[in-house]
Amino acid sequence: MSRYLFDSADAHAVGRFTVLESCYDPVSRSQLELTGLARGWRCLEIGGGSASLGDWLGERVGPQGEVTVTELEPRWAASRQRPDHVRLLRHDVVHDPLPGKDYDLIHARLVLLHLPQRIEVLTRLVAALRPGGWLVLEEFDCGWTPVLAAPDDASVLLFDRVHTALMGLLEKAGADPLWGRRVLGAMAVAGLQELTATTYAQAWPGGGTGIALHRHNTDQVADRLAASGVSADDLDEFRALLKRPEFVVNSYPLISARGRRLHEKEV
């Protein structure tokens with residue numbers, strides 16, 4: 001099974017899923033609607049977390065359709081009862097065969113960013129679409145997270161120091177923190193057409209829902225941050241800073257890219 005820096009089997013995953021769903025599910029739903037999502041569609045949700053979007057897709061496609069939600073650790077989504085047309089699978093998108101083909105829609109949010117094999121996985125996702133089917137990939141560009149307001153210069157330096165160390169750990173794990181700015185081009189190379197992308201970002205003030213993502217991420221890898229030179233005092237100050245409303249950081253920009261696999265005669 002693939003292992004990523006932010007292991008979804010870890011209890012910190014629940015907090016991270018909650019933040020991502022609160023901040024980004026409305027964005028993802030609007031992007032998925034732009035594909036023409038309708039009753040009867042067959043959908044695949046890769047890396048579905050607690051399955052909030054998979055459950056919503058199930059409502060949109062109705063019992064005439066089909067939704068498969070995959071996750072390395074599906075226990076966070078397994079407690080909820082689901083209709084028969086929404087299926088939850090333990091699945092490793094790198095090593096396991098895809099659970100089907102001829103999908104009308106495949107969606108993944110913040111998955112390929114973490115995969116060293118992201119191009120190989122992208123190619124397989126494209127091949128699993130039916131002619132006319134849509135792929136929607138939503139990825140962070142972690143290279144643009146400016147501090148928008150801070151109580152002092154030391155706070156800016158602290159945030160940048162801890163965040164830079166975190167990005168270094170991601171890269172060592174095979175992730176691409178800048179994948180968001182590359183994803184549309186990669187989808188074009190993979191043969192998709194009708195390509196477009198939008199970018200969403202917002203201000204995250206200290207003590208708010210969004211900025212807690214930084215706390216969950218750093219708490220989960222605190223031992224590895226310490227090994228990379230971030231002291232325990234630094235982390236304590238970082239956690240305290242994230243609670244201060246006068247500290248405001250830009251959210252990770254979410255790039256939502258979509259493209260279509262056209263019929264051969266249309267390509």
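Definitions and limits used
One numbering rule holds for all chains: residues counted from 1, following each sequence as written. Side-chain atom pairs in this predicted model are given and counted only at pLDDT of 80 or more, local residue features only at pLDDT of at least 70, and totals for whole chains, interfaces and linings cover all residues. Only hydrogens and water are set aside when side-chain values are computed; all heavy atoms of the structure are taken into account. Think of it this way: any DSSP run of H or I at least four residues long counts as a helix, any run of E at least two long counts as a strand, and we number them from the N terminus. Our radius of gyration is a C-alpha quantity, and the globule rule it is checked against amounts to 2.2 Å times the number of residues to the power 0.38. Exposure categories follow from relative accessible area, calculated using a 1.4 Å probe and restricted to protein chains: below 20% of the type maximum is buried, above 50% is exposed, and the middle band is partly exposed. Any two residues whose heavy atoms approach within 4.5 Å at even a single point are treated as in contact. All accessible areas in this document rest on Shrake-Rupley with a 1.4 Å probe, and a residue is counted as covered only by the protein chains that are shown. We count Lys and Arg on the positive side and Asp and Glu on the negative side, and we leave His and both chain ends out. To locate a charge, take atom NZ for lysine, CZ for arginine, CG for aspartate or CD for glutamate. To get an axis, fit a line to the C-alpha atoms, keeping to the stretch in contact for a helix; angles then go from 0 to 180 degrees between the N-to-C directions. Angular relationships are summarised with four words: roughly parallel below 35 degrees, roughly antiparallel beyond 145, roughly perpendicular across 65 to 115, and oblique for the angles in between. A clockwise turn of the near helix away from the far one marks a right-handed crossing, whereas an anticlockwise turn of less than a right angle marks a left-handed crossing. In this classification, Asp, Glu, Lys and Arg are treated as charged, Ala, Val, Leu, Ile, Met, Phe, Trp, Tyr, Cys and Pro as nonpolar, and every other residue, Gly included, as polar. A pair of Phe, Tyr and Trp rings is counted when the ring centres sit within 6.5 Å of each other, with Trp represented by its six-membered ring. The angle between the planes then sorts it: under 30 degrees is stacked, over 60 is edge-to-face, the rest tilted. In our convention, an over-ring charge means Lys NZ or Arg CZ found within 6 Å of a ring centre and within 35 degrees of that ring's normal. Strand pairing is defined by DSSP finding a minimum of two bridges between the two strands.

A. Spatial organisation of the overall build of the protein chain. A tally of helices and strands in the protein chain yields eight helices and ten strands. Computed over its C-alpha atoms, the radius of gyration of the protein chain comes to 19 Å, within 12% of the 18 Å expected for a compact globule of 267 residues. Its C-alpha atoms give the protein chain principal-axis dimensions of roughly 60 × 40 × 30 Å. The buried share among the 267 residues of the protein chain stands at 52%. In the protein chain, once contacts between residues fewer than 6 apart in sequence are set aside, the share between residues at least 24 apart is 78%. Carbon and sulfur atoms make up 51% of the accessible area of the protein chain, which totals about 11,500 Å². Distance from the positive charge centre (29 side chains) to the negative charge centre (35 side chains) of the protein chain: 5 Å.

B. Examining helix 6 (residues 212-220) more closely. Helix 6 sits mainly inside the fold: eight of its nine residues count as buried. Of all the residues in helix 6, the buried ones are A212, L213, H214, H216, N217, T218, D219 and Q220.

C. Local environment of the packing of helix 1 (residues 12-33) against helix 6. Running from N to C, helix 1 and helix 6 cross one another at 160°; their axes reach a closest spacing of 9 Å. In terms of axis orientation, helix 1 runs roughly antiparallel to helix 6. At the point where helix 1 passes helix 6, the crossing takes the left-handed sense. Contacts from H12, G15, R16, V19 and L20 of helix 1 reach helix 6 at A212, L213, H216, N217, D219 and Q220. The class makeup of the residues in the contact of helix 1 with helix 6 is four nonpolar, five polar and two charged.

D. Up close: the packing of helix 4 (residues 153-172) against helix 8 (residues 232-241). Between helix 4 and helix 8, the shortest axis-to-axis distance is 10 Å and the interhelical angle comes to 115°. Here helix 4 lies roughly perpendicular to helix 8, going by the angle between them. Crossing of helix 4 over helix 8 shows left-handed handedness. Residue-level contacts link S155, L158, F159, R161 and V162 of helix 4 to D234, L235, E237, F238 and L241 of helix 8. For the contact of helix 4 with helix 8, the per-class residue count stands at six nonpolar, one polar and three charged.

E. Local environment of the packing of aromatic side chains. All told, the structure shown has six aromatic pairs when counted by the stated rule. An angle of 20° between the planes, with centres 5.9 Å apart, marks the rings of F159 and F238 as stacked. Residue F159 is found in helix 4, and its partner F238 is found in helix 8; the two are separated by 79 residues along the sequence. Taken together, the aromatic side chains of Y24, F140, Y200, W204 and Y252 make up a single cluster linked through ring pairs. The aromatic ring of Y103 is capped on one face by R42, whose charged end is 4.7 Å from the ring centroid. Between R118 and the ring centre of W179, over which it is positioned, the NZ or CZ distance is 5.7 Å.

F. View of the sheet that holds strand 8 (residues 203-205). Taken in spatial order, the three strands make up an open sheet running 6-9-8, and their pairing is antiparallel. Unpaired on one side and paired on the other, strand 6 (147-149) and strand 8 mark the two borders of the sheet. Direction aside, neighbouring strands of the sheet carry axes that sit 30° apart on average. Here two bridges tie strand 6 to strand 9 (residues 248-250), and the two strands are oriented antiparallel to one another. Its bridge partner being in strand 9, A149 is matched across the sheet by V248.

G. A look at the sheet that holds strand 1 (residues 42-46). A sheet is described by the order of its strands in space; here seven strands give the open sequence 3-2-1-4-5-10-7, paired in mixed fashion. Both edges of this open sheet fall to strand 3 (86-90) and strand 7 (193-200), since each of them pairs with a single strand only. Taken pair by pair, the neighbouring strands of this sheet meet at an average axis angle of 15°, ignoring direction. Pairing of strand 7 with strand 10 (residues 254-260), which is carried by six bridges, proceeds in the antiparallel orientation. Along strand 10, the bridge assignment pairs A197 with A257. The strands touched by helix 1 are strand 4 (103-109), strand 5 (129-140), strand 7 and strand 10; relative to strand 4, the strand with the most contacts, the crossing angle is about 150°. Most of the contacts of helix 2 (residues 52-61) go to strand 2 (residues 66-71), to which it runs at about 175°, and overall it touches strand 1, strand 2, strand 3 and strand 4.

These results come straight from atomic positions and should not be treated as a statement about function.
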